[in-house]
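The chain contents come next:
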Amino acid sequence: MAARVRKAAQTRPRERPVAVSKTSSAVSPKSGANGAVTSKEAAAPSKDVQLLMYRRMALIRRFEERAGQSYGQGKIAGFCHLYIGQEAVGVGAALACAATDYTIDGYREHGHALARGADPKRVMAELYGRKPGYAKGKGGSMHIFDVEHRFMGGYGIVGGQIPLATGFGWASRYKRDGTATVCFFGDAAINQGAYHESLNMASLWKLPVVYVVENNLYGMGTPIAVSNAITDFSKRSGDYGIPGEAVDGMDALAMYDATQRALARAKRGEGPTLLEARCYRFRGHSMADPQTYRTKEEVEDYRTHKDPLNIMKGHLAKLGVGDAELEKIQSEVNAEVDEALKFSDQAAEPEGQDLYEDVLGH
Amino acid sequence: MPVIQYREALNQALREEMSRDPNIFIMGEEVGAYDGAFKVTQGLMKEFGKERVVDSPISELGFVGLGIGASMVGLRPVIEVMTWNFAILAMDQIVNNAAKVRYMSGGQLHCPIVFRGPTGAGTQLSSQHSQMLEAQYAYFPGLKVVTPGTPRDAKGLLKAALREQDPVVFMESELLYSVKGEVETGELVIPIGQAEVKRPGEHVTVVCWHRMIYPALEAATKLAQEGIEVEVVDMRTVRPLDLPTVLASVRKTNRCVVVEEAWPIASVGSSIVDAVQREAFDDLDAPVIRLNAKDVPMPYNKKLEGMYAPTADDVAAAVKKVLYIG
């Protein structure tokens, strides 16, 4: 992923208008009140990395669409929170990480796992509750872990992963191993005590953690303006004396740039950063969500004007990547997801004795 | 053998294990510069430095979760909760993350971490500072819950906890910190999950743990003068429960009293009684009696506080009742 160092400003995409939600005006990307992280050291991604971004985003999109279908067929049960529409956040941030950096997430995490390089066969098998799944069929949709790729899991309690990320940061500093952590959480988690307690300690001890709040404008079905005294989340780093920056979360390059700068800052020992990824989910909160809290027009507006895959296509076009190359990637991705579905359909169920495995070590 | 306080035994365990393993660090409220609210960590910051003995904000959910995260990536945190009363704020992290991450990740991750601090009755500290909370944690698969009553057990079990691969809830007692007992110098590791017969006897089995071993032993001494030999079984660990030791004792004495400082509903003692009646029904000569704290929050008034938990007289009366001589 070594990229030639250029000034980020030269490769920053033209800022696109962001569709304005009926419920919030806080959607246009702008720097937080506490000063954006300096962009001087940011390296724009190479063409190869940008192609990989597109591939991973296309993989997530296709994977999630097919997971949604499988849910409808009853092959996936429990809750299933799809990431469609937010692919640029996870992919942009994940590709800014070094292989040894940690990422951790809430429960909309299949996308983040795939963004980090997890095997779609094993992610899908986990959704299917099968033994080759990442948690041997015992985690399901909300608990995908791929520790080999330093993807430290999906967690089902809103905000509960934020102290864990802070602990990874603590360990990085304790061991002085040069690693850092990117912690993803949804906008609703920012009102949890876990967030506030963690940011206080991370700032106090200058821990190498990048906190990424994915502001998709709704906590389940509640618009952010109904549940937040301050809807400009980039300003909610202020109490802790750390930078907060709003990023266009529909644009993978913007996410890559901001995450890379925040990671560099973290690794210099300057402490944590809060990134507010302003994004939108195209599907409901979960498969059980009838979406009565927002209009079809609003969803269509985002799908038409802010689809992260289309935005990425725009970047690649500037690099001379034509439709034929993208279609080839798309068909490869489709085949990969088809294979994941076939693999999961045929994968073995856990055995009865597996029920008791991994409760305690032996 | 040297006679030391319970708190000194814990301090020895921490010092010895920190010297052995550089991945162990201690974090908690006032554990460092103040030397610990109950002086368990006395001198450790001076000896091991601020990197390894860390004063945290009063922010239980945050630093408990931080410790769990650190344990997931290779460190061995000792997280001191000033009292387990305050850890209720951090329960989500302990029960939803530490206890379950091994299972939820299919064995990819685990949490070698020790959460420690005092639980149980205090000294007129009223309702929010005096409660016995072991059942809260014993409830959850994925945790080990240790409740040492003597200085020797405190040292040996804490050293074992610091070598565990799983999260350990280590419950001390404010009222036990100054209790003295014989403790070996240096290496002493007592396996987690093994009960100990603290006093052998043939007429009645009294099962207890934590602070309740003292009224149990006191009652046994008194009853011995009347010719009643009580076998006192100290569980030492309430998850996993060493039921074979309890059942062996009951099969010998045919009578059982369970004494716990906790409230009666959904308690650890209720699980022990359940196992005894199921596994040793034919060996019982009387129904099992269970003694508990009164089913009310702890009162402040000294007289009322004294009525709260089982006493040696309560234990003696229960023993006589299962012998049908009460």
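Residues numbered from 1 in each chain as written. Chains lettered and ligands numbered in written order. Predicted model: local features only at pLDDT ≥ 70, side-chain atom pairs only at ≥ 80, totals over all residues. Heavy atoms only, no water.

## Overview of the confidence of the model for chain A
Basically, it comes down to this: Looking at any residue, its pLDDT shows the predictor's confidence there, from 0 to 100. When checking whether two residues touch, look at their non-hydrogen atoms; a contact exists if any pair is within 4.5 Å.
Predicted confidence across chain A gives a mean pLDDT of 89, with 88% of residues reaching 70 or more. This model gives residues 1-40 of chain A a pLDDT under 50, and the stretch forms 93 contacts once residues within four places in sequence are excluded.

## Describing the pattern of salt bridges
Test applied: Counted as salt bridges are all cases of a side-chain nitrogen of Lys or Arg within 4 Å of a carboxyl oxygen of Asp or Glu. Each residue's exposure class comes from its accessible area (1.4 Å probe, protein chains only) as a fraction of the maximum for that residue type: buried when under 20%, exposed when over 50%, partly exposed otherwise. Only runs of H or I of at least four residues qualify as helices and only runs of E of at least two qualify as strands under DSSP, and these elements are numbered from the N terminus.
In the structure shown here, the tally under the stated rule is 53 salt bridges over all chains. Note that Glu 270 of chain A and Arg 268 of chain A form a salt bridge whose closest N and O atoms lie 2.8 Å from each other. Given the relative accessible area of 35%, Glu 270 of chain A is considered partly exposed. Given a relative accessible area of 43%, Arg 268 of chain A falls into the partly exposed group. The closest approach of N and O atoms between Arg 152 of chain B and Glu 184 of chain B, which form a salt bridge, is 2.9 Å. Note that Arg 152 of chain B is positioned in helix H8 (residues 151-161) and Glu 184 of chain B in the loop between strand E8 (180-182) and strand E9 (196-199), a separation of 32 residues in sequence. With relative accessibility at 21%, the residue Glu 184 of chain B sits in the partly exposed group. One network of salt bridges, in which partners are shared, links Glu 16, Glu 17, Arg 20, Lys 155, Lys 159, Arg 163 and Glu 187 of chain B.

## A few points about the sheet that holds E9 of chain B
Residue and element names in this part refer to chain B. Put simply, the rule is: Criterion used throughout: strands pair if DSSP finds at least two bridges between them. Here, axes are lines fitted to C-alpha atoms. For helices the fit covers the stretch in contact, and angles between N-to-C directions go from 0 to 180 degrees.
Taking strand neighbours across the sheet as the criterion, the five strands line up as E9-E11-E10-E13-E14 in an open arrangement whose pairing is mixed. Every other strand in the sheet has two partners, leaving E9 and strand E14 (289-291) as the edge strands with one partner each. Within this sheet the neighbouring strands show an average axis-to-axis angle of 25°, counted without direction. Of the pairings in the sheet, the one linking strand E10 (residues 204-208) to strand E13 (residues 256-259) comprises three bridges and is parallel in character. Each residue of the ladder has a partner; that of Val 206, found in E13, is Val 257. Strand contacts of helix H10 (residues 243-253): E9, E10, strand E11 (230-234) and E13, with the helix running at about 175° to E11, the strand carrying the most contacts.

## Overview of the packing of aromatic side chains
This is how it is decided: Side-chain rings of Phe, Tyr and Trp, where Trp is taken by its six-membered ring, are said to pair if the distance between their centres is within 6.5 Å; with planes under 30 degrees apart they count as stacked, over 60 as edge-to-face, and otherwise as tilted.
Considering all chains together, one arrives at twelve aromatic pairs over all chains under this definition. Summarising the aromatic geometry, the rings of Tyr 102 of chain A and Phe 168 of chain A are spaced 5.5 Å apart at their centres and angled 40° between planes, so their arrangement reads as tilted. Of this pair, Tyr 102 of chain A sits in strand E1 (residues 102-105) while Phe 168 of chain A is found in helix H6 (residues 161-175), placing the two residues 66 residues apart along the sequence. Like Phe 168 of chain A, Tyr 102 of chain A is buried. Relative to Tyr 155 of chain A, the ring of Phe 145 of chain A lies with its centre 5.5 Å away and its plane at 75°, an arrangement referred to as edge-to-face. Pair noted here: Phe 145 of chain A is in the loop between helix H5 (120-127) and strand E2 (151-154) and Tyr 155 of chain A is in the loop between E2 and H6, with a separation of ten residues, a long-range link. The two residues Phe 145 of chain A and Tyr 155 of chain A agree in class, both being buried. An aromatic cluster is defined as three or more aromatic residues linked by ring pairs; in this entry it consists of Trp 170, Tyr 174 and Trp 205 of chain A together with Phe 25 of chain B.

## Let's talk about the state of the cysteines
Residues and elements named next belong to chain A. Convention followed: When two cysteine sulfur atoms lie within 2.5 Å, the pair is treated as a disulfide.
Per the counting criterion, the structure on display carries zero disulfides over all chains. Take Cys 97: it sits in no disulfide, and the sulfur closest to it among the cysteines is that of Cys 183, at 12 Å. According to the relative accessible area criterion, Cys 97 is buried, its value standing at 4%.

## Things to note about unusual backbone geometry
Excluding glycine, residues mostly carry a negative phi; peptide bonds, for their part, are mostly trans. Residue and element names in this part refer to chain B. The peptide bond linking Arg 239 to Pro 240 adopts the cis configuration, its omega dihedral lying at -5°. Note on placement: Pro 240 falls in the loop between strand E12 (237-239) and H10. At Asn 254, a position not held by glycine, the phi torsion is positive, near 65°.

## Overview of the interface of chain B and chain A
How we decide: Put simply, buried area is the surface a 1.4 Å probe can reach on two separate parts but cannot reach once they are joined, added for both. Polar contact criterion, stated in full: a pair of N or O atoms within 3.5 Å, where within protein one must be able to donate a hydrogen and the other to accept it, and residues adjacent in sequence count only if both atoms are side-chain atoms. Here the term charged refers only to Asp, Glu, Lys and Arg, the term nonpolar to Ala, Val, Leu, Ile, Met, Phe, Trp, Tyr, Cys and Pro, and the term polar to all other amino acids, Gly among them.
Facing 43 residues of chain B, the contacting portion of chain A comprises 40 residues. Between chain B and chain A, roughly 3300 Å² of surface is buried when both sides are summed, and carbon and sulfur atoms account for 66% of that area. For the chain B face of the interface with chain A, the top three residues by lost area are Val 73, Tyr 103 and Met 104 of chain B, together amounting to 22%. Taken together, the connections running from chain B to chain A amount to two salt bridges. Notably, a salt bridge pairs Glu 51 of chain B with Arg 173 of chain A, separated by 3.4 Å at the nearest N-O pair. One can count 19 residue pairs in polar contact (both at pLDDT 80 or more) joining chain B with chain A. Elements that contribute at least two residues to the side of chain B that touches chain A include exactly strand E2 (24-28), strand E3 (53-55), helix H3 (60-72), helix H5 (91-98) and helix H6 (101-104) of chain B. Residue classes in the side of chain B that touches chain A are distributed as 20 nonpolar, 15 polar and eight charged.

## Points about the nonpolar core
What counts is decided by this rule: Think of a nonpolar core as a cluster: buried Ala, Val, Leu, Ile, Met, Phe, Trp, Tyr and Cys residues, connected wherever their side-chain atoms sit within 4.5 Å.
Ranked by size, the top nonpolar core spans 154 residues in total, and within it Trp 170 of chain A together with Trp 84, Phe 115 and Tyr 137 of chain B carry the most contacts. It is helix H2 (residues 47-72) of chain A that contributes the most residues to this core, ten residues altogether. Among all residues touching Phe 115 of chain B, those that are not within four sequence positions of it are Val 64, Ile 68, Ile 79, Trp 84, Ile 94, Ala 98, Pro 167, Val 168, Val 169 and Phe 170 of chain B. The next biggest cluster of nonpolar side chains, apart from the first, holds 32 residues, and it includes Val 53, Ala 161, Val 168 and Ile 190 of chain B.

## A word on the packing of H2 of chain A against helix H11 (residues 308-318) of chain A
All names here are of chain A. Basically, it comes down to this: In this scheme, roughly parallel covers angles under 35 degrees and roughly antiparallel covers those over 145, while 65 to 115 is roughly perpendicular and the rest are oblique. For any helix crossing, the convention is left-handed if the near helix is rotated counterclockwise from the far helix by under a right angle, and right-handed if that rotation is clockwise.
Between H2 and H11, whose axes approach to 10 Å, the crossing angle comes to 160°. As judged from the angle between their axes, H2 and H11 are roughly antiparallel. Regarding H2 and H11, the two cross each other, and that crossing is left-handed. For the pair H2 and H11, the contacting residues are Gln 50, Leu 51, Met 53, Tyr 54, Met 57, Ala 58 and Arg 61 in the first and Pro 308, Leu 309, Met 312, Lys 313, His 315 and Leu 316 in the second.

## What to know about the environment of Asp 314 of chain B
All names here are of chain B. Mapped onto the fold, Asp 314 is located in helix H13 (residues 312-322). Along the primary structure Asp 314 and Val 189 are separated by 125 residues, whereas in three dimensions their C-alpha atoms are 33 Å apart. Those residues in contact with Asp 314 that lie beyond four places of it in its chain are Leu 291 and Ala 309.

## Structural notes on the environment of Tyr 54 of chain A
Counting through the fold element by element, Tyr 54 of chain A comes out in helix H2. Residues in contact with Tyr 54 of chain A, not counting those within four places in the same chain, are Leu 309, Met 312, Lys 313, Leu 316, Leu 326, Ile 329 and Gln 330 of chain A.

## Some thoughts on the sheet that holds strand E4 (residues 209-215) of chain A
All names here are of chain A. The strand order E2-E1-E3-E4-E8-E7 describes an open sheet built from six strands, whose pairing is parallel. Edge strands, defined here as strands with exactly one partner in the open sheet, are E2 and strand E7 (244-248). Shown here is a sheet whose adjacent strand axes are inclined to one another by a mean of 20°, direction ignored. Strands in contact with H6 are E1, E2, strand E3 (181-186) and E4; relative to E3, the strand with the most contacts, it is inclined by about 170°.

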